[in-house]
Amino acid sequence: MTKRPVLVVLFDDVQSLDVTGPVEVFAGAARAAGGDSAYPIVTASLDGGPVRTQSGLRLLPDTTLAAAERPHTLLVPGGEGTRHPDPRLIDWLRANAPGAERLVSVCTGALLLAEAGLLDGRRATTHWAACDHLARCYPEVEVEADPIFVRDGRLATSAGVTAGIDLALALVEEDLGRDTALTVARHLVVFLRRPGNQAQFSAQLAAQTAQRAPLRDLQQWITEHPEGDLTVEALAARARLSPRHFARAFQAETGTTPGRYVDQVRLEHARRLLEETADGVLEVSRAAGYGTPEAMRRAFVKAMGTAPADYRRRFHAPVPNAPVPNAPVPNAPVPNAPVPNVPRTTR
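Report on the accompanying structure. It should be emphasised that the depicted structure is a prediction, and the values quoted were computed from it without experimental measurement. (Residues numbered from 1 in each chain as written. Predicted model: local features only at pLDDT ≥ 70, side-chain atom pairs only at ≥ 80, totals over all residues. Heavy atoms only, no water.)

1. Considerations on the packing of aromatic side chains
Next, step 1: Applying the stated rule across the entire model yields 4 aromatic pairs.
Next, step 2: Summarising the aromatic geometry, the rings of Phe 246 and Phe 250 are spaced 5.7 Å apart at their centres and angled 55° between planes, so their arrangement reads as tilted. One end of the pair, Phe 246, and the other, Phe 250, are both in helix H10 (residues 243-254), 4 residues apart, so they sit about a helical turn from each other.
Next, step 3: The exposure class assigned to Phe 250 is buried, which follows from its relative accessible area of 0%.
Next, step 4: For the pair Phe 300 and Tyr 311, a centre-to-centre distance of 5.8 Å together with 70° between the ring planes defines the contact as edge-to-face. With Phe 300 in helix H13 (residues 293-304) and Tyr 311 in helix H14 (residues 308-315), this residue pair connects regions lying 11 residues apart in the sequence.
Next, step 5: Overall, the relative accessible area of 0% leaves Phe 300 in the buried class. (Phe/Tyr/Trp six-rings, centres within 6.5 Å; stacked < 30°, edge-to-face > 60°. Helix = DSSP H or I, 4+ residues; strand = E, 2+ residues; numbered from the N terminus. Buried < 20%, exposed > 50% of the residue type's maximum accessible area, 1.4 Å probe, protein only.)

See the structure below:
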């Protein structure tokens, strides 16, 4: 079996889940593949001593960074400790990270890679709260604020905390196949897997919550009724405002226009139905408020660069007890089948 050693960088005020989430995925994948040799995992800090995570949990590294062997996958977690990193850590990353076959950051670990110049000219993401900081302080980095993880060649960066699990599952699927990744996901009771281009936030969380109750309630109503009449005129009437006043107030309080908010809600609802149900494309398009499959296809291509059918083929999860298309029905008569010659019984 091919060995892919994983080296996890530790430092004070690291986010513990950024470390343990991916580690559990890689360790579980090794077990599922028949042993512990698939992903030998080593943790290391600058001096090899214990580090205290930002939650207070203490972690004991296996070795020092200087003594660690070159890994296949170098994993750099995030946490409060990335705000003012030890310059020696940045120097070590600058000198040693290029030697890894795969460079991975979780959450604000991307800030450490950026400080070391390892993200210049590359696409990357990080925790939503740090995306603006990453883009402002490191203008050479092409920051993608929306996805939960981004792949750019040998570089892989993920959004906040649990997104590191999604990224690790994607890497396991790439290395060992979907069955192994699915086994790990089932064991950890997580999705296999949230697509990398899935938004860090739902539409309702991505937008600001309106201050006034009528608009706040309307946001919730839109989310619950994507199939309804969501024109500006209809929404304004529901909010008991004139269309012009409503559109201005909605954008002022949520940071987005009513039309853009509706588009996000409908796309999110359609994606969820495609991922989690066996409903046909026509049913999904109607339930999400698009009306026709063609309208939904245009929305998907514009927002995601792929058609709904292609999206489903890639990300659809098996639906328990869902009917299988063209599957034989138990005990159903077979057309044109010969009638068995069953002897009659008499009383």
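2. Details of the pairing of strand S6 (residues 73-76)
Next, step 1: Along S6, one buried face is formed by Thr 73 and Leu 75 and the opposite face, lined by Leu 74 and Val 76, is buried too.
Next, step 2: Bridge analysis of strand S1 (residues 6-9) against S6 gives 3 bridges, and the strand direction is parallel. Its bridge partner lying in S6, Val 6 is registered against Thr 73.
Next, step 3: Bridging between S6 and strand S7 (residues 102-105) involves 4 bridges; their strand directions are parallel. Paired with Thr 73 across the bridge in S7 is Arg 102.
Next, step 4: In the classification by handedness, the crossover that spans S6, the intervening helix H2 (residues 87-96) and the parallel S7 is right-handed. (Pairing = 2+ DSSP bridges. Right-handed = clockwise from strand over helix to strand, strands pointing away.)

3. Some details on the side chain of Ser 45
Next, step 1: Turning to its location among the elements, Ser 45 is positioned in strand S2 (residues 41-45).
Next, step 2: Ser 45 has contacts with Leu 10, Val 51, Pro 61, Thr 63, Thr 64 and Leu 65, leaving out every residue within four places of it along the chain. (Contact = heavy atoms within 4.5 Å.)

4. Side note on the pairing of S1
The two faces of a sheet get side chains in turn, since along a regular strand they alternate between them.
Next, step 1: Side-chain alternation along S1 places Val 6 and Val 8 on one buried face and Leu 7 and Val 9 on a second face that is also buried.
Next, step 2: Examined bridge by bridge, S1 and S2 share 4 bridges and lie parallel to one another. Each bridged residue has a counterpart across the sheet, and for Leu 7 the counterpart in S2 is Val 42.

5. A word on the packing of helix H8 (residues 213-224) against helix H9 (residues 232-239)
Next, step 1: Interhelical geometry of H8 versus H9 gives an angle of 130° and a closest axis separation of 10 Å. With respect to their mutual orientation, H8 and H9 come out oblique. For the crossing formed where H8 meets H9, the hand is right-handed. Where H8 approaches H9, its residues Leu 215, Leu 218, Trp 221 and Ile 222 are matched on the opposing element by Leu 235, Arg 238 and Ala 239.
Next, step 2: Taken together, the residues of the contact of H8 with H9 break down into 6 nonpolar, no polar and 1 charged. (Axes fitted to C-alpha atoms, helices over the stretch in contact; angles between N-to-C directions. Parallel < 35°, antiparallel > 145°, perpendicular 65-115°, else oblique. Left-handed = near helix turned anticlockwise from the far one by under 90°. Nonpolar A, V, L, I, M, F, W, Y, C, P; charged D, E, K, R; others polar.)

6. Digging into the environment of Val 161
Next, step 1: In this structure, Val 161 sits in the loop between strand S11 (155-158) and helix H5 (163-176).
Next, step 2: When sequence neighbours within four positions are dropped, the list of residues in contact with Val 161 reads Gln 15, Leu 17, Asp 18, Val 106 and Cys 107.

7. A few points about unusual backbone geometry
Next, step 1: In the Ramachandran plot, Asp 13 falls in the positive-phi region, its phi being about 65° despite a non-glycine side chain.
Next, step 2: Relative to the helices and strands, Asp 13 resides in the loop between S1 and helix H1 (16-32).
Next, step 3: Located in the positive-phi region is Arg 240, a residue other than glycine, with phi close to 60°.
Next, step 4: Checked against the element boundaries, Arg 240 lands in the loop between H9 and H10.

8. Side note on the packing of H5 against helix H6 (residues 178-188)
Next, step 1: In contact at an axis separation of 7 Å, H5 and H6 are set at 145° when each is read in the N-to-C sense. The residues of H6 that touch H5, namely those facing Leu 169, Val 172, Glu 173 and Leu 176, are Arg 178, Thr 180, Ala 181, Val 184 and Ala 185.
Next, step 2: Taken together, the residues of the contact of H5 with H6 sort by class into 6 nonpolar, 1 polar and 2 charged.

As far as function goes, none of this settles anything; it's purely spatial.
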